[in-house]
Amino acid sequence: MSIFRRSGGASAPLLQAEPDEARKARFDREEIAIARNPRGGIAEQFRQLRNSITALNPEGAPRTVVMASALRGEGKTVATINLGLAMSEVPGTRVLLVDADLHRPGLEGYLGLPRRQGLVEVIRGTCPIDRAIRATSVEGVSVLGPGELPKNPSELLGSDRVKMVLSSFKQRFKYILIDTPQAATISDASMLGALADGIVLVVKLGSTPRSLVEETYNRLESLGGNVLGTLLTGALPEEPTS
Ligand SMILES: Nc1ncnc2c1ncn2[C@@H]1O[C@H](COP(=O)(O)OP(=O)(O)O)[C@@H](O)[C@H]1O
Ligand SMILES: [Mg+2]
């Protein structure tokens, strides 16, 4: 008998993160515009999105925001990180980045963090929430990875416990940004969007057909979600850092 599980290659079950391990998170990838080129146009675009979201929340109540897009590769995960960094620039703002893309997670990878127990175990109640959430090197920014990918993500994300988990996050953070899989073919973003306070629709300009964007917008709102706005990616040629 083996304790190892096969999924492509053999891999060990995920461990719980060590406290402070994510302080080593790296925000230095080219795409992380807020960190790499804080005065550039893309960074400014994320600050504007942050300002729009915070303007809708004048009393500063904790808010959950789902990051969605019609297709894969439109820039959701990168946008989740950039928006989180932009939010953390406002003094005293605590932000949690959650990877709820249980099909193709990317958050830990972008930040150079090891895969650890995360959202799945928190929903199942097998990992304490404060062990799964990890503070990073950026003041005010914490991350929660996806955890062990389940066979049926939609079933897990549709379970009653998710609502309770989201309110636990709200007791700890002002903004919770939830990364999701492509909404055109997977219902997870619509389901989570219905439980969240708002949805940001990420659209890759010149790539995703307009009709598909509209269809996705309607799909996200059809379960009760509230699309706060769209974020266009792939638009601005970034000027070099000076
Ligand atoms: N602002 C950006 N600047 C440069 N490249 C980007 C930017 N946003 C996303 N990308 C690139 O687009 C690809 C998809 O981004 P990602 O955030 O992983 O998409 P998704 O999560 O929607 O699947 C990645 O190769 C990423 O490096
Ligand atoms: Mg992604």
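The paragraphs below set out a description of the structure included in this document. A quick note: this is a predicted structure, and the numbers were derived from the prediction, not measured. (Residues numbered from 1 in each chain as written. Chains lettered and ligands numbered in written order. Predicted model: local features only at pLDDT ≥ 70, side-chain atom pairs only at ≥ 80, totals over all residues. Heavy atoms only, no water.)

**Some remarks on the site of ligand 1**
The criterion, for reference: The criterion for a residue being near a molecule or strand is simple. One of its heavy atoms has to lie within 4 Å of it. The definition of a polar contact used here is a pair of N or O atoms within 3.5 Å, where within protein one atom must be able to donate a hydrogen and the other to accept one, and adjacent residues in sequence count solely through side-chain atom pairs. All accessible areas in this document rest on Shrake-Rupley with a 1.4 Å probe, and a residue is counted as covered only by the protein chains that are shown. Here a helix means four or more residues in a row that DSSP labels H or I, a strand means two or more in a row labelled E, and each is numbered from the N terminus. Classes in brief: Ala, Val, Leu, Ile, Met, Phe, Trp, Tyr, Cys and Pro nonpolar; Asp, Glu, Lys and Arg charged; the others, Gly included, polar.
Taken together, Glu31, Arg72, Gly73, Glu74, Gly75, Lys76, Thr77, Val78 and Tyr110 make up the full set of residues near ligand 1. Glu74 is positioned such that a nitrogen or oxygen atom in its backbone is 3.2 Å from an oxygen atom of ligand 1. In the environment of ligand 1, an oxygen atom lies 3.0 Å from a nitrogen or oxygen atom belonging to the backbone of Gly75. When isolated, ligand 1 has an accessible area of 550 Å², and the protein chains bury 66% of it. With 3 residues, helix H3 (residues 76-88) is the largest single contributor of residues to the shell around ligand 1. Of the residues assigned to the shell around ligand 1, the class counts are 2 nonpolar, 3 polar and 4 charged.

**Focus: the environment of Gln45**
Cut-off, in case you're wondering: In this description, contact between two residues means that some pair of their heavy atoms is separated by no more than 4.5 Å.
Looking at where Gln45 falls in the secondary structure, it is placed in helix H2 (residues 41-55). Through-space distance from the C-alpha of Gln45 to that of Leu231 is 8.5 Å; in sequence the pair is 186 residues apart. Discounting residues that sit within four places of it in the chain, Gln45 has contacts with Leu231 and Leu232. In this structure the side chain of Gln45 is engaged in a polar contact, spanning 2.6 Å, whose partner is the backbone oxygen of Leu232.

**Considerations on H2**
To keep it simple, the criterion reads: How far a helix is expected to stretch is found by multiplying one less than its residue total by 1.5 Å. Note on classification: 1.4 Å probe, protein chains only; a residue is buried when its accessible area is under 20% of the maximum for its type, exposed when over 50%, partly exposed between these limits. Regarding the arc, it is the one traced by the directions from the helix axis to the C-beta atoms.
Helix length check: H2 (15 residues) gives 21 Å between terminal C-alpha atoms against 21 Å at 1.5 Å per residue, within 8%. All of the buried residues in H2 are Ala43, Phe46, Arg47, Leu49, Arg50 and Ile53. Taken end-on, H2 shows its buried residues confined to a sector of 160°, consistent with a single buried face. Projecting away from the buried face of H2 at angles above 90 degrees are the exposed residues Gln48 and Ala55. Those residues of H2 that are buried are in contact with helix H1 (33-36), H3, strand E7 (175-179), strand E8 (198-204) and strand E9 (227-233).

**So, the pairing of strand E4 (residues 95-99)**
Heads up, the rule is: In this analysis, strands are considered paired if DSSP registers two or more bridges between them.
Where burial is concerned, most of E4 is hidden: 5 out of the 5 residues are buried. Alternating residues of E4 divide into Val95, Leu97 and Asp99 and Leu96 and Val98, and every residue in both groups is buried. Judged from the 4 bridges that link them, E4 and strand E6 (residues 141-144) form a sheet pairing that is parallel. Note that in E6 the partner of Val95 across the bridge is Val141. Direction of pairing for E4 relative to E7: parallel, over a ladder of 5 bridges. Counted as the bridge partner of Leu96 is Ile176 from E7.

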